[in-house]
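Okay, here's what each chain looks like letter by letter:
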Amino acid sequence: MFRDRRFLVMLALGFSAGIPLPLTGFTLRQWMSESGISLAAIGLTALIGLAYAFKFTWSPVLDHAAPPLFRGLGRRRGWLATIQPLLAAAILALGFTDPASAAQVTVAIAVLVAFLSASQDIVVDAYRIEILEERQQGYGLGFYIWGYRGALLASNAGALAMAEFAGWTAAFAMCAGLVGVGFLAVLLAKEPEGAVPAATTWSQRMRAAVVDPFADFMRRRYWFVILAFVASFKLGEALAGVMTAPFYRSLGFTRLEVAGVASVFGLCATLAGAMAGGWVVAKLGTARALIWTGVLQMLSNLMYVALAETGRSMPMLWAQVGVENFTDGLADAAFVTYLSMLTSRSFTATQYALLSSLAAVPLRTVAGSGGWLAEWLGWSGFFLLTTAAALPAMAIMLFLLKRLPPREPAPDTPLAIPVPEEAAR
């Protein structure tokens, strides 16, 4: 398996896919907080990532149209080879902006980075599905995930460390160069065989890609309630996560402290929580696991309150990051399992993409008000509000689990460890 070039390609593509996410999230907000940008404005940066939530809207173009450049590489690799240099250039340009004097320019380029990053994700997902046989998909996804997580460390903790010693322009230039790992993999990879779409009309393609999966989903009972639950489950976490960078900055924590604890240790805690979450789902079943992990995720936001009241305390920072990230990993494992069970076999990929995109909407929309709320309520009051924000989703969840209990996976079925965007906050 480890000698198969395809798995190494997936490792490299996962790395390339993970690099841009912190640069439009946590890392960018750290930079803006150091530049004196108001909390209200920093909160609105959550809207930058709307491309990740709505990438399914232009996925048919990347799925069916020929790439404008590198057509000799084939449709999948041609699109990746077109997108990745543009993505690297956009990241490099982002590092040359100055949020203190021209925040609008910084945000505009960050929006472009998010769009190109989401486009790369679409093509990489399609490539992974087409290049690997069904029995290899789990291994391929595993290589992709570990590459992705390594990239999160590089463009989060690594970028903060580089900024400390060489400045923000050098940090973004480093990340732009790291996208080249994916470009090199594309050049060395093979194009999937039989990946040319059937000669259908554009309207037929759009119907198969978007309309039919939606229509199928809307025929089930309580479909609107299900969507409300999916959209609200991460609301409290999203509100808190958008403001973590300016929160840590306001307490006096340095870049290196944030990089070491919030980024490196936080990611390790998330991984541990996700592993434990898979075990909890297997032992308790999806319904009970969703309830218990949801409660723990909600209560973990109180650790922010404890840190706000304590002030600059390294032991409390370690405790807050550990508890919050571990419980998020627990809840993600149960939530991803539940989402997977909501999809129909005929539209598995598309419906899961739609549901997972919907789950990201609070992070990219409502969470934009986080800065304004933090200024109004103060840090302790704000994080108490984020805890209470999870209560509506908990009530909806109990309603659904009572009336539509999820089907449970077969015993010993391996559960995929999710790659939550919140890991890049």
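This is a predicted model, so every value here is computed, not measured.

Peer 1: An account of the environment of isoleucine 396 is requested, with residue identities and associated values reported.
Peer 2: Structurally, isoleucine 396 can be placed in helix α23 (residues 391-403). Its relative accessible area of 22% is what places isoleucine 396 among the partly exposed residues. Here the alpha-carbon distance between isoleucine 396 and valine 230, two residues 166 residues apart in the chain, equals 9.6 Å. When sequence neighbours within four positions are dropped, the list of residues in contact with isoleucine 396 reads Val225, Ala228, Phe229 and Ser232.

Peer 1: Kindly report on unusual backbone geometry, identifying the contributing residues and their values.
Peer 2: Backbone geometry places tyrosine 222, a non-glycine residue, at a positive phi of 55°. Turning to its location among the elements, tyrosine 222 is positioned in the loop between α13 (202-218) and α14 (223-232).

Peer 1: Tell me about the packing of helix α3 (residues 26-34) against helix α16 (residues 244-251), and name the residues and values.
Peer 2: Their axes nearest at 8 Å, the elements α3 and α16 cross at an angle of 40°. Between α3 and α16, the angle is such that the two are oblique. Crossing hand, α3 versus α16: right-handed. Counted together, Phe26, Arg29, Gln30, Ser33 and Glu34 of α3 and Thr244, Ala245, Pro246, Tyr248 and Arg249 of α16 form the full contact between these two elements. Among the residues making up the contact of α3 with α16, the classes are represented as four nonpolar, three polar and three charged.

Peer 1: Please set out helix α12 (residues 180-188) residue by residue, giving values where relevant.
Peer 2: What sets the pattern is the α-helix's 3.6 residues per turn: residues three or four places apart point alike. Among the residues of α12, Gly182, Ala185 and Val186 are the ones counted as buried. Seen from one end, α12 has its buried residues packed into an arc of 100°, which puts them on one side. Tucked inside the fold, the buried residues of α12 contact α1 (5-18), α7 (75-95) and α11 (168-178).

Peer 1: Tell me about the side chain of serine 117, and name the residues and values.
Peer 2: With respect to the helices and strands, the residue serine 117 is situated in helix α8 (residues 103-131). With relative accessibility at 0%, the residue serine 117 sits in the buried group. Ignoring anything within four residues of it in the chain, the contact list for serine 117 reads Ala17, Pro20, Tyr52 and Leu87.

Peer 1: Mind laying out the side chain of threonine 27, listing which residues take part and the relevant values?
Peer 2: Note that threonine 27 resides in helix α3. Dropping the residues within four chain positions of it, threonine 27 is found in contact with Pro22, Ser155, Asn156, Ala159 and Trp168.

Peer 1: So, the packing of aromatic side chains: which residues are in play, and what are the values?
Peer 2: A full pass over the atoms with the stated rule returns 20 aromatic pairs. Ring centres of phenylalanine 70 and phenylalanine 183 lie 6.2 Å apart, and the angle between their planes is 75°; this geometry places the pair in the edge-to-face category. In this pair, phenylalanine 70 is assigned in the loop between α6 (59-64) and α7 and phenylalanine 183 in helix α12, connecting sequence segments 113 residues apart. Take phenylalanine 183: its relative accessible area is 22%, and that puts it in the partly exposed class. Ring centres of phenylalanine 247 and phenylalanine 383 lie 4.9 Å apart, and the angle between their planes is 65°; this geometry places the pair in the edge-to-face category. Pair noted here: phenylalanine 247 is in helix α16 and phenylalanine 383 is in helix α22 (residues 370-388), with a separation of 136 residues, a long-range link. Among the aromatic side chains, those forming a connected cluster through ring pairs are Phe247, Tyr248, Phe253, Tyr304, Trp379, Phe382 and Phe383.

Peer 1: Any chance you could break down the confidence of the model for the chain for me, citing the residues and the numbers?
Peer 2: In the predicted model, the chain carries a mean pLDDT of 79, and 80% of its residues have values of at least 70. Across the chain, element-level confidence peaks in α11 with a mean pLDDT of 93 and bottoms out in helix α21 (residues 348-364) with 63. When the criterion is pLDDT under 50, residues 409-420 qualifies, and its contacts beyond four places in sequence or with other chains add up to 19 contacts.

Peer 1: I'd love a proper account of the nonpolar core, names of residues and values included.
Peer 2: Ranked by internal contacts, the top residues of the largest apolar core, which has 90 residues, are Ile19, Ile91, Phe247, Tyr248 and Trp379. Tallying contributions element by element places α8 first for this core, with eleven residues. Apart from residues no more than four positions distant in its own chain, tryptophan 379 is found in contact with Leu39, Met243, Pro246, Phe247, Ser250, Ala308 and Ala374. Val281, Leu330, Met397 and Leu400 belong to the second largest nonpolar core, which has 23 residues in total.

Peer 1: Quick rundown of a nonpolar patch on the surface? Include the residues and the values.
Peer 2: Judged by side-chain polarity, Trp372, Trp376, Leu377 and Leu385 come together as a nonpolar surface patch covering roughly 450 Å² of accessible area. Tracing the chain through its elements places tryptophan 372 in helix α22.

The rules we used
Residues numbered from 1 in each chain as written. Predicted model: local features only at pLDDT ≥ 70, side-chain atom pairs only at ≥ 80, totals over all residues. Heavy atoms only, no water. Helix = DSSP H or I, 4+ residues; strand = E, 2+ residues; numbered from the N terminus. Buried < 20%, exposed > 50% of the residue type's maximum accessible area, 1.4 Å probe, protein only. Contact = heavy atoms within 4.5 Å. Axes fitted to C-alpha atoms, helices over the stretch in contact; angles between N-to-C directions. Parallel < 35°, antiparallel > 145°, perpendicular 65-115°, else oblique. Left-handed = near helix turned anticlockwise from the far one by under 90°. Nonpolar A, V, L, I, M, F, W, Y, C, P; charged D, E, K, R; others polar. Arc of directions from axis to C-beta. Phe/Tyr/Trp six-rings, centres within 6.5 Å; stacked < 30°, edge-to-face > 60°. pLDDT = per-residue confidence, 0-100. Core = buried A, V, L, I, M, F, W, Y, C linked by side-chain atoms within 4.5 Å. Patch = residues over 30% accessible without salt bridge, like charges linked within 9 Å, V, L, I, M, F, W, Y side chains within 5 Å. Areas by Shrake-Rupley, 256 points an atom, 1.4 Å probe, with all protein chains shown as cover. Salt bridge = Lys/Arg side-chain N within 4 Å of Asp/Glu carboxyl O.

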